[in-house]
Amino acid sequence: MEREISQTDLSLLKQGTQEIYLKVELLNSNMKILDSLDGQIINDNYSQDNESIQRRSYNFDLIVLNSSFIIGKDKKIWLDKRIRVFYGIKSIRTKEIIWYQLGVFCYVSMKYTFSSTEKKLSVACADLMALYDGTLNGQIHGYGSSNNSPDYAIKNLTLPAGEDIRSSIIAILKDAGIDRYIVEDIGKPIPYDLTFETGSTYADIWTKIRDLYDSWEFYFDADGTFIWRQIPTCLEDQVVLNDTTMQDIVVNESADTKFDGIYNVTEIWGKVLELESDDRYAETSTYTDNTYRITFDMYTSWDSIDNLTQLAFKVSADNEVAPNFTINNCSPIPIYDGNGKPLEAGNLVKDNIYVFRYRRISPGHNALFLLGQFQCYGKYVEKSIDCPFSTTNLGYEISQSLDYSSLSDNAACYNQAEYLTYKSTAMMDTINLTTLVVPWLEVNTKIEYTPKYNNLTNQYIVKSLSWSTGNGTMSVTLYKFLESFSYVYNRKK
């Protein structure tokens with residue numbers, strides 16, 4: 001969970017000298033403290049990266065003092081052991097050491113080095129995601145695959161269409177034995193059956209659910225709490241470090257510009273839409289009073305239509321704003337896009353065939369959701385005048401075309417195209433800084449800084465950071481925050 005930054009935290013950064021401490025607790029798998037490792041560690045490296053599900057990593061070298069550091073189940077180095085790392089700064093004023101928790105980590109790999117002068121063990125650690133993404137196993141137990149199998153046979157895991165996404169995530173977390181979590185509500189259901197075969201990991205499931213919609217992330221925070229949330233745009237966030245503080249702690253800066261990987265136009269090809277046995281297609285429709293009307297003899301009321309049934313029909317006229325839909329002259333229901341918003345005028349074009357999903361949103365509230373035509377599709381063009389790589393400023397398009405078969409409606413494809421264009425334009429406008437270590441700084445938070453190379457004060461988002469405790473400085477990569485990007489202002493809460 002996010003730490004609330006105090007004036008004490010900021011004051012520590014402005015001390016003339018910093019007296020730095022390291023504390024590393026050895027834990028068992030239940031997070032009970034067993035021992036301490038900090039006295040034996042001679043150097044280390046800590047890092048965060050906002051593009052990795054293993055958000056934090058920690059590597060260190062320690063001096064092998066005795067046999068307790070030999071790898072074994074009754075030793076300090078073993079599969080069931082964890083470490084909890086703290087970075088400390090001593091306050092000159094109070095003489096108190098202020099501790100900042102960096103993360104809870106698992107051992108991943110070890111290497112011994114012996115010489116005439118020392119016995120050293122080098123250890124690479126990953127955060128708790130390593131337990132669930134296949135690095136240190138994490139495969140789902142209790143399922144497999146079998147045709148016409150008896151009741152006792154192990155079967156594939158399926159998350160059924162219509163199941164609430166937040167409930168699905170929490171159920172998987174409980175199955176994984178994770179009891180500390182914060183899961184934001186997407187507010188949408190699983191759009192189609194998700195099946196996971198033998199060998200799948202918990203992270204595979206979370207990844208597949210995450211990729212049903214754009215710009216969501218999951219990771220373990222510094223406390224070891226599982227976080228599921230929408231990737232923050234930081235639009236309404238306050239800066240955690242202002243320019244005055246930054247000028248005091250920056251040691252040097254560099255601004256590297258790369259033109260590879262920049263795309264100001266993205267088109268996304270989503271799921272191919274196929275009607276199944278319970279779905280229906282109408283060759284004709286009528287359009288009067290802003291309502292599309294079709295006939296299906298098998299339906300007598302909205303209650304006779306199964307939830308999440310796909311309905312397709314040929315559109316007889318371009319739609320006006322916020323059209324409705326009816327079958328057999330039942331009370332009209334609204335047609336929404338994949339974001340749950342009424343359709344804009346012209347979304348449906350005459351003589352084209354579209355596929356929709358019927359949903360019971362709540363008692364007495366049914367709606368038809370536009371999925372797309374034969375394949376879900378979305379295209380986004382970055383036109384922001386503040387973006388140096390936009391089509392407005394470059395005068396031409398640099399396009400990427402990507403396959404996202406997990407996305408099951410046009411709106412989701414458009415949202416993903418918008419987000420990926422943001423990543424390949426705004427997030428490419430970066431600056432690299434060396435600063436004093438700010439142990440509480442997190443990726444995806446906002447700071448204010450005036451670069452030396454252009455003297456323009458801007459807000460930036462932290463993309464990645466890393467440091468070694470003994471150096472007292474850290475490397476930080478930032479990308480420029482720009483409110484004018486539609487990805488940012490369209491997601492204002």
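Residues numbered from 1 in each chain as written. Predicted model: local features only at pLDDT ≥ 70, side-chain atom pairs only at ≥ 80, totals over all residues. Heavy atoms only, no water.

Chemist: I would appreciate a short explanation of the pairing of strand E1 (residues 19-27) in the present structure.
Modeler: The side chains of a regular strand alternate, residue by residue, between the two faces of the sheet. Alignment of E1 against strand E5 (residues 82-90), held across 9 bridges, turns out to be antiparallel. Each residue of the ladder has a partner; that of Glu25, found in E5, is Arg84. Of the strand pairs in this sheet, E1 and strand E2 (residues 33-36) are connected by 3 bridges, and their pairing is antiparallel. Bridging across to E2, Glu25 finds its partner in Ser36. In textbook terms, the turn of a hairpin is the stretch between consecutive antiparallel strands, and for E1 and E2 this stretch comprises 5 residues, one of which, Met31, has a positive phi near 70 degrees. (Pairing = 2+ DSSP bridges. Helix = DSSP H or I, 4+ residues; strand = E, 2+ residues; numbered from the N terminus.)

Chemist: Help me understand the environment of Glu274, please; the structure alone is not making it clear to me.
Modeler: Position of Glu274 among the secondary structure elements: in the loop between strand E14 (265-272) and strand E15 (280-282). What makes Glu274 exposed here is its relative accessible area of 58%. With residues near it in sequence (within four places) discarded, Glu274 still touches Asp279 and Gln310. (Buried < 20%, exposed > 50% of the residue type's maximum accessible area, 1.4 Å probe, protein only. Contact = heavy atoms within 4.5 Å.)

Chemist: Help me out: how do you make sense of the nonpolar core in this one?
Modeler: As a rule of thumb, nonpolar side chains are buried together in soluble globular proteins. Tyr58, Phe60, Ile83, Tyr107, Leu241 and Leu441 are the most contacted members of the largest nonpolar core, which has 47 residues in total. Broken down by element, this core gets its largest block of residues, 5 residues, from strand E6 (residues 97-114). Every residue in contact with Leu241, bar those within four places of it in the chain, is listed here: Leu10, Leu13, Met246, Ile249, Val438, Trp440, Leu441, Lys446, Ile447 and Glu448. Residues Leu128, Met129, Ile205 and Phe220 belong to the second largest nonpolar core, which totals 34 residues. (Core = buried A, V, L, I, M, F, W, Y, C linked by side-chain atoms within 4.5 Å.)

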